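What the coordinates show
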Amino acid sequence: MAGLKVWVHRLTLAVHLLLFLCVGPAAIAQSQLGKDIPFRWYEDTSAGLDIHDFMALPADALTEQRNVLSIGYTQSPVWLRFSLPADLFNGQDRWLQLGPNFLDHITLYYRPSASSGDWSIHRAGDMWPRAPGDMDYRFPVFALAAPLGTPGYDVVIQIQSSSSILLDGTLWVPEAFLSEAARDTAFWSFYFGLAALSTALAVFVAFLFRRPLAWALCAFSLTYWLVACIQGYIDWFFDSPFHWQHYLTSILTLLGYTSLLWVTTEALNLRERRPGLHRLIMIAIGLSLLLPLSIPFDFYGQAIKIQGVLCISTALILAAGAWIVWRDEDRDAMTLVLGLMPALYVAAGIVALMSLIGLIPYNKHIYGLWQYVIMVNMLTILGWVAYRIQQEARETQEKRQLAHELKLEREASFHQRQFIGMVSHEFRNPLAVITSALENLQLLSVSDKQQRRRYQSIRRATHRLVQLTDNCLADSRLYADGLQLHMELINLLDVVRSAAEIVDGSQDHQWRLTVQGQSVDKLTRQEILVQADGAMLRIAVSNVLDNAIKYSDKGRVDVDLTFRNERIVVSILDRGPGIPIEDATLIFERHRRRQLSSMAGHDPGGSGLGLYVARQIAHAHGGELELARSGPEGSCFELSIYISATGASS
């Protein structure tokens, strides 16, 4: 959760930056329509007035307004008139900016004050087929020349919209307008840059992980297009005869909250946590998806009211549901945050709606608060999704690791059962030999030659039992806590000679010892001193020699000691049939052994521990045991250990 707290801290700083850029010091040299320039307005419920009819209306038929005109949803044309006195121009041209962009039709009439001449007419609005105003800008801007020889201008504006009726007008000094426009465009560039980045991340996550929450985020990112419509970027960038901005504004207004509901439902995982609540929210989402059908039937105002009811009710339900989940299950603060996000969006939307219908004075920053809430919601959920995906990836990895360990445990248990069976068989054979030999020795008619043969059988069987016991003990040490060596200075030749007793016990095999290719007599006293664990090293060499005996019917086993790259290598070459390539790795695995080919005639058995234990002993000495070569003429194993600082001498 520490990373999440850092992310939330950074998000807070970003939001503060957004608000500073939005509500920072406003440009000077501007006059606000309503606040600085009072006007009178009239709602033409008959929709039959023209400019002359409106001008003929008595003064008491009009309503005086001293703030921004915002009267809510009506399809009736609204007329308003005001005067721009010459002192507002100060002998210079002025630019009149009108908005917002969701007004269908804006018609501007103006002429010199106290004149009965023709009106200058300009048209704009998101249903106007040509570029709005006199400037190439995303809001309608009209250039008004400085009135010369007249007290000013009489101005009439007619507006009509299927959305809310709102008129935000400002008279600008051109230089101040350019400064404000640059500042405003810079802010929205920053806003839509974050929007593009968060949308790209949402799309990437959706296609990478294919989860409902990620797809819901993609749907919610469409709300950025609503902000782009409100700010006039759609018509400004995409000049098309089809009124994309007009229809997208209406559709996305009705669907923006619906996508947030979906996102919050998936983020809270209500499908699994609270199925009943999830079904209720899905019903509300289904009803919301039907609301855009009101647009072609001119029921948009009614659809907004229905949406308002759905927004408030579902926001309260989700907030309560998030609190219940937090109380009963996870106690995670993000659960409460996610549950309150729809309520935050609805609260911002209610403030915007109240300013649209005139319940509170209109302010573009207060009205635009919901646009900032969209960004906060998106970044919050995106951060939560990243955290969830990381957490689930970790859990998945842990599950895979657990499954892998369980698989290994099952395999180990299976091989252990096989091992017990094989070891029982291996122990039974030499014990049977010993028992039989002892019974024969009890016979009075046994000759000295027969006795010697029986003693040799007992000796070989005893060696075999000792070797099996050593392997089992070594394997137990390896499996428990790793092999601990008792290092001392030993004569490697003595170790090899001791291990080779297993060959001496075979009637069909002989062995030859060489050092650097030079023959060494078994009785010659010669020393190759190394620092090692003599007992463990004897087991390793003995296991390789035992493997050579078992897998060759008869013949000589060559043992050669070679100095190579600061190592001593013990090479053991047998005369067996060779090892297939597919078994070259298998033979070194624990409790695994190679099945002899059919040409060998029989399976010599074994516990499957010999070569595994020998390799682990070599590893413990910093060396290696590997199959150097193998073929029909036999197999050669090389066991190497490092020469210690003491060195080797001969």
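Below you will find a few notes about this structure. Computed from a predicted structure; not experimentally measured.

How each quantity is defined
Residues numbered from 1 in each chain as written. Predicted model: local features only at pLDDT ≥ 70, side-chain atom pairs only at ≥ 80, totals over all residues. Heavy atoms only, no water. Bend = angle between axes of the 7 residues up to and from the residue. Helix = DSSP H or I, 4+ residues; strand = E, 2+ residues; numbered from the N terminus. Buried < 20%, exposed > 50% of the residue type's maximum accessible area, 1.4 Å probe, protein only. Pairing = 2+ DSSP bridges. Axes fitted to C-alpha atoms, helices over the stretch in contact; angles between N-to-C directions. Parallel < 35°, antiparallel > 145°, perpendicular 65-115°, else oblique. Left-handed = near helix turned anticlockwise from the far one by under 90°. Contact = heavy atoms within 4.5 Å. Nonpolar A, V, L, I, M, F, W, Y, C, P; charged D, E, K, R; others polar.

**Describing helix α7 (residues 244-267)**
At 3.6 residues per turn, the α-helix brings residues three or four places apart onto the same side. Taken as a whole, α7 carries its principal kink of about 35° at Leu252. Taking burial as the measure, the 24 residues of α7 include 17 buried ones, the bulk of the element. Where α7 terminates, the next one or two residues include Asn269, which has phi positive at roughly 55°.

**Observations regarding the sheet that holds strand β10 (residues 152-160)**
If you trace the 6 strands from one edge of the open sheet to the other, you get β3-β2-β5-β10-β7-β8, paired in antiparallel fashion. Among the strands making up the open sheet, the edge pair consists of β3 (63-65) and β8 (120-124). Recorded for the sheet is a direction-independent mean angle of 25° between the axes of neighbouring strands. Of the strand pairs in this sheet, strand β7 (residues 105-112) and β10 are connected by 8 bridges, and their pairing is antiparallel. Paired with Pro112 across the bridge in β10 is Tyr153.

**Let's talk about the pairing of strand β6 (residues 94-99)**
Summarising burial for β6: 6 of the 6 residues are buried, a large majority. Burial along β6 is two-sided: the residues Arg94, Leu96 and Leu98 and Trp95, Gln97 and Gly99 are all buried. In this sheet, strand β9 (residues 141-144) lies alongside β6 in antiparallel orientation, the contact comprising 4 bridges. Across the sheet, residue Gln97 finds its bridge partner in β9, namely Val141. One ladder, built from 5 bridges, connects β6 with strand β11 (residues 164-172); its direction is antiparallel. Bridge assignment links Gln97 to a residue of β11, and that residue is Thr170.

**Description of the packing of helix α3 (residues 174-209) against helix α5 (residues 223-230)**
Packing of α3 against α5 brings their axes to within 10 Å, and their N-to-C directions diverge by 160°. As the angle between them shows, α3 and α5 are arranged roughly antiparallel. Considering how the two elements wind past one another, α3 and α5 form a crossing that is left-handed. Touching Trp188, Tyr191, Phe192, Ala195, Ser198 and Thr199 of α3 are Tyr224, Val227 and Ala228, all from α5. Considering only residue class, the contact of α3 with α5 consists of 7 nonpolar, 2 polar and no charged.

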